[in-house]
Amino acid sequence: MLFHKALGALALGTFAVAVPSPPPWAHNENSNGGRKHLEKSRVEEPFFYKGYDLSSLKIEEDGGYIYKDTQRNNVTRPVEDILGDGGMNTVRLRLWVNPKVPYDGGYYESYGLDYTLPLAKRFYDKGYRIYLDYHFSDYWADPGKQYTPEAWPTELDPLASTLRNYVSSTMKAFSDAGVDLSIVSLGNEIRNGMLWPLGVVKVNTSPASARIESFQNLATLYSAARKGVSDAVAEGVKKPEVMIHIDNGWDTNLQLNWFDALTGTGKVETSDWDIFGFSFYPFYGTSATLANLKNTLNTLADKYNKPLHVVETDWPAICSGSRAPDLSEPSIPASAPGQTEWVHDVIDVVRQVPRGLGQGVNYWEPAWLNNTGLGSACQDVLLFAGDFSEYPKVTGYSRSSVDLYKGR
Ligand SMILES: *[C@@H]1O[C@H](CO)[C@@H](O)[C@H](O)[C@H]1NC(C)=O
Ligand SMILES: *[C@@H]1O[C@H](CO)[C@@H](O)[C@H](O)[C@H]1NC(C)=O
């Protein structure tokens, strides 16, 4: 814990502020009058989250994969130590409800509570902030799929109450294990809703009244999940910042329409989420430019006056051949220095959001050695170069880009 506080203070650039505490815009559901007073009396820069999603790491380690630090004579080290030296202060981890192991592809992919909680504890105990990414599914949840967990009810009201209990009981489990969560995202990339089919939304529908109508069930479900957070806090869990996470962070109109529709239902108030999270990848359309990201972040900052984060991004170390996608910033090379340049540019855009509202960047899964493309059509977007020449022995050598948060 002590180390945890020290790291927080270092990241703030001052030793005067060693008390980890919710930011002033977060709900103050913890009745702690003393701390509240302290918050009011100090002027500080908000904490800037510099994170990596490391959800797959334990699966790799269980498979015998090792990681070497090329800046330290190839010594074998835990990935978080290498990335921590490179400026990481936060780890993002996904949570699935009842994952099947192995899942239908025969792979070991398991992000249930028994997997994710010990991993969170490991990183928390080393001083990193933990950002928990709820998928509300037994499997991957993204704009293309949001399967309701098999064991959960198929009618709206019972589903909402199961969701509420699930959020509060899992948050309590982290707290009981001694892990304070800094951020919880209620759903992962929920542009098309979550908990399908009931929670599907049609964000591209017009007119606005039809769009809002399509958000009614999602609003009921989101609101239940948000109440689950309050339930946990009422039971003594430290209040995290509550995030809504949407993909295509470069698409300003999409984001405006989405949040207008959610609040237009009358069931969700703007005070029901604390921070915005956006995915921002350079592969899926050349509109995913830094200028368009800037426009989205600044527009939403103006409208909602809430913190914003880029919560998923990456850039290729290798991307060539006929399948190579057009990258949205073609002046940046596909290389380790290019990875660093891209993330520095993204950080600059986030940091330039007015009133200090840009507050974090997360790089997605930099060490997933047997999934080097991470869903893109590029060959390798990792920050570690995998050596499979002595398979089944697999070694990941750190690239120069493991330093991309250093000094930022
Ligand atoms: C990656 O490797 C790990 C460790 O061997 C294995 O458990 C997992 O199933 C593999 N995943 C894929 C997608 O190949
Ligand atoms: C580290 O390993 C890489 C890959 O095998 C090699 O190219 C490099 O020379 C090694 N560096 C040192 C200092 O041994």
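- Labelled according to an unreviewed UniProt entry, the protein chain appears under the name Arabinogalactan endo-beta-1,4-galactanase, originating from Salinomyces thailandicus.
- Turning to the protein chain, the UniProt record has this under Sequence similarities (unreviewed entry): "Belongs to the glycosyl hydrolase 53 family."
- What the UniProt record of the protein chain gives under Catalytic activity (unreviewed entry) is the line "The enzyme specifically hydrolyzes (1->4)-beta-D-galactosidic linkages in type I arabinogalactans."

1. Observations regarding the overall build of the protein chain
And then number 1: In terms of helices and strands, the protein chain carries 11 helices and 12 strands.
And then number 2: Split into buried and exposed, the 408 residues of the protein chain put 46% on the buried side.
And then number 3: Counted over contacts in the protein chain with a minimum sequence separation of 6, partners at least 24 positions apart contribute 75%.

2. Structural notes on the sheet that holds strand β11 (residues 384-390)
And then number 1: Pairing is mixed in the open sheet, where 4 strands are placed in the order β3-β2-β12-β11. The open sheet is flanked by β3 (75-76) and β11, the only strands paired with a single partner.
And then number 2: Across 2 bridges, the pairing between strand β2 (residues 66-69) and β3 is antiparallel. The residue bridging Asp69 from the neighbouring strand is Val75, located in β3.

3. Here's the deal with the site of ligand 1
And then number 1: Inspection of the region around ligand 1 gives Ile59, Glu60, Gly63, Tyr107, Tyr108, Asn370 and Asn371 as its neighbouring residues.
And then number 2: Residue composition of the shell around ligand 1, by class: 3 nonpolar, 3 polar and 1 charged.

4. Some details on the environment of Asp231
And then number 1: Take Asp231: it is sitting in helix α8 (residues 216-234).
And then number 2: Owing to 17 C-beta atoms within 10 Å, Asp231 belongs among the partly exposed residues under this scheme.
And then number 3: Between the alpha carbons of Asp231 and Val167 there is a distance of 8.8 Å; along the sequence they are 64 residues apart.
And then number 4: Dropping the residues within four chain positions of it, Asp231 is found in contact with Arg164 and Ser168.

5. What to know about unusual backbone geometry
And then number 1: The omega torsion across Trp196 and Pro197 is 0 degrees, close enough to zero to call that bond cis.
And then number 2: Within the secondary structure, Pro197 sits in the loop between β6 (183-186) and α7 (208-214).
And then number 3: Residue Pro207 follows Ser206 across a cis peptide bond; omega there is -5 degrees.
And then number 4: Position of Pro207 relative to the elements: it lies in the loop between β6 and α7.
And then number 5: Even without being glycine, Phe136 reaches a positive phi, approximately 50 degrees.
And then number 6: For Phe136, the location among the structural elements is in the loop between β5 (129-134) and α6 (156-176).
And then number 7: You can call Phe136 buried: it has 25 C-beta atoms within 10 Å.
And then number 8: Phi angles above zero are rare outside glycine, and Leu195 is one such case at about 50 degrees.

6. A look at the pairing of β5
And then number 1: Of all 6 residues in β5, 6 are buried, a share of seventy percent or more.
And then number 2: Side chains of β5 alternate between two faces, with Arg129, Tyr131 and Asp133 and Ile130, Leu132 and Tyr134 buried alike.
And then number 3: With 6 bridges joining them, strand β4 (residues 90-95) and β5 adopt parallel strand pairing. The residue bridging Arg92 from the neighbouring strand is Tyr131, located in β5.
And then number 4: Regarding the hand of the β-α-β motif, the stretch spanning β4, helix α5 (residues 113-125) and β5 is right-handed.

Reading the values: the criteria
- Residues numbered from 1 in each chain as written.
- Chains lettered and ligands numbered in written order.
- Predicted model: local features only at pLDDT ≥ 70, side-chain atom pairs only at ≥ 80, totals over all residues.
- UniProt positions renumbered as here; feature names shortened; annotations may be inferred.
- Helix = DSSP H or I, 4+ residues; strand = E, 2+ residues; numbered from the N terminus.
- Buried ≥ 20, exposed ≤ 12 C-beta atoms within 10 Å, placed from the backbone.
- Contact = placed C-beta atoms within 7 Å.
- Pairing = 2+ DSSP bridges.
- Near = placed C-beta within 6 Å.
- Nonpolar A, V, L, I, M, F, W, Y, C, P; charged D, E, K, R; others polar.
- Right-handed = clockwise from strand over helix to strand, strands pointing away.

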